[in-house]
Amino acid sequence: MVAGAPKSISDKVNTKDFESDAYITPDGNTLFYSTSHYSENGDLDIYMIQRNKNGNWGNPKSLGKTINTAFDDDSPYLASDGTLFFASRGHNSMGGYDIFSAKYDSVARRWARPVNLGSPINTPDDDTYYRLAPDGSYAYLSSYRIGGYGEKDIYTINYIKNTTVKGQVFTQADSIAIPGVELIFNGLQADKRPISYRDVTKTDSASYSVTVLSGRNYQVQLSMDGRVIETMDFEVPIVLNDTTDITKNFYINFVDSTGTLVKNVPGNFKMENIYFQTDKYNLRPESVQELDRIAAILKANPTLNISIEGHTDARASDSYNMTLGQNRADAAFDYLVNKGISPKRMVTVTYGESRPAVPNTTSENMQLNRRTMFKVLPREGQNQQNNQ
């Protein structure tokens, strides 16, 4: 492609005086530029000119005294949201040119008072030609700074913020939350250097939380006990403020072979009843199996505490059954302590015959009433849940 010969925009813009910089809007119909042509003392001021329906340029208009000062005002740029950025030696400059921004009030038909963008964008030396990326994630400017190559250099300003990504990890098949899953977010910085963020899902809620650089595509590796379960891609959108959190739940192909995982409602653990023979409180083999599973749940969820409730049928006196119910609760309590569960995490209570599961009308019903039940004790801020 061969470039054509330069062509003057308009003799209404270009004069025998100094025109420093110009910015034309994407639709090609409005031009902002700086010129010394209308200044009494030769300083630069910012003007705008619009193209009419015939394609011809109208007459230049000053942006007014709110923008223009008795000093140089230069390098105008209009962002997509209507914010004007420009450089000025006037206003409340830190020294030399500083970058300022101003919004146009369409109701009052005037520009708002310019705001100095401040440090570290502005320095005591010259800072000019600010240009913002379309998505607002970064900007360029020309600046004289320590460590540069001489005179003014081109610098990039990164507006992308860190953001917190949080959520839970569930089994894909039945949405059971999985504690103890390691998540590693692997990505690249703009200069292609690798970055990595890590967390492990909590034992009581299977939740995780990582603070990552936004505007990146991450490869998320999910592992348990050193074994990689799945690897997924997750794109974190650009975040330009400090208050945005992103929720991301992961569903992975994981089978719970131990039966110790928590359902996706916090605190909803399924612990089966254990049963006893008439007037007995020794543990049956099937009861031992269930107590082993309950011990595994408690070990996998160290913030979980339980109540152990002893019940009887109605064959003996109330006082006798209260004692028998306590013995049945204590049998489960003692077994779990022997399995390594702290006694501080468990409480026992007896209800005797006062809370039958079914009426004591048949031998089968009486068997259902000779039981010990396990209930999760709610943590602070939670409601009591019935886990029978």
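Structure first, text after, so check above.
Residues numbered from 1 in each chain as written. Predicted model: local features only at pLDDT ≥ 70, side-chain atom pairs only at ≥ 80, totals over all residues. Heavy atoms only, no water.

A. Structural view of the sheet that holds strand S23 (residues 274-275). Reading across the sheet, the four strands line up as S23-S26-S24-S25 and stay open at both edges, with mixed pairing between neighbours. For this open sheet the edge positions go to S23 and strand S25 (346-352), each flanked by a neighbour on one side alone. The sheet contact formed by strand S24 (residues 306-311) and S25 spans six bridges and is parallel. From the neighbouring strand, Ser307 faces S25, where its bridge partner is Val347. Its contacts with the sheet place helix H2 (residues 318-338) against S23, S24, S25 and strand S26 (371-376), and it is angled at close to 155 degrees to S25. (Pairing = 2+ DSSP bridges. Helix = DSSP H or I, 4+ residues; strand = E, 2+ residues; numbered from the N terminus. Contact = heavy atoms within 4.5 Å. Axes fitted to C-alpha atoms, helices over the stretch in contact; angles between N-to-C directions.)

B. View of the packing of aromatic side chains. A complete count under the given rule lists 15 aromatic pairs for this structure. Centroid distance Tyr104 to Trp111: 5.1 Å. Interplanar angle 65 degrees. Geometry classified as edge-to-face. Each ring, one from Phe185 and one from Phe250, has its centre 6.3 Å from the other, and the planes form 75 degrees; the classification is edge-to-face. Note that Phe185 is positioned in strand S15 (residues 182-188) and Phe250 in strand S21 (residues 250-252), a separation of 65 residues in sequence. One exposure class covers both Phe185 and Phe250, and it is buried. Looking at Arg145, its charged tip hangs above the ring of Tyr155, at a distance of 5.4 Å from the centre. (Phe/Tyr/Trp six-rings, centres within 6.5 Å; stacked < 30°, edge-to-face > 60°. Buried < 20%, exposed > 50% of the residue type's maximum accessible area, 1.4 Å probe, protein only. Lys NZ or Arg CZ within 6 Å of the ring centre and 35° of its normal.)

C. Up close: the layout of surface pockets. Quantified by volume, the largest pocket comes out at close to 310 Å³. Along the wall of the largest pocket there are 13 residues; nearest its centre are Met48, Gln50, Lys61, Ser62 and Leu63. Mapped onto the lining of the largest pocket, the elements with two or more residues apiece are strand S3 (45-50), strand S4 (61-62) and strand S8 (110-111). Among the elements that line the lining of the largest pocket, the one with the most residues is S3, at three residues. Of the residues that constitute the lining of the largest pocket, the class distribution is six nonpolar, four polar and three charged. (1 Å grid on protein atoms, 1.4 Å probe; cavity = no way out; pocket = protein on both sides within 12 Å on 5 of 7 lines; lining within 4 Å. Points joined across faces, edges and corners; volume = space filled by probe spheres on them. Nonpolar A, V, L, I, M, F, W, Y, C, P; charged D, E, K, R; others polar.)

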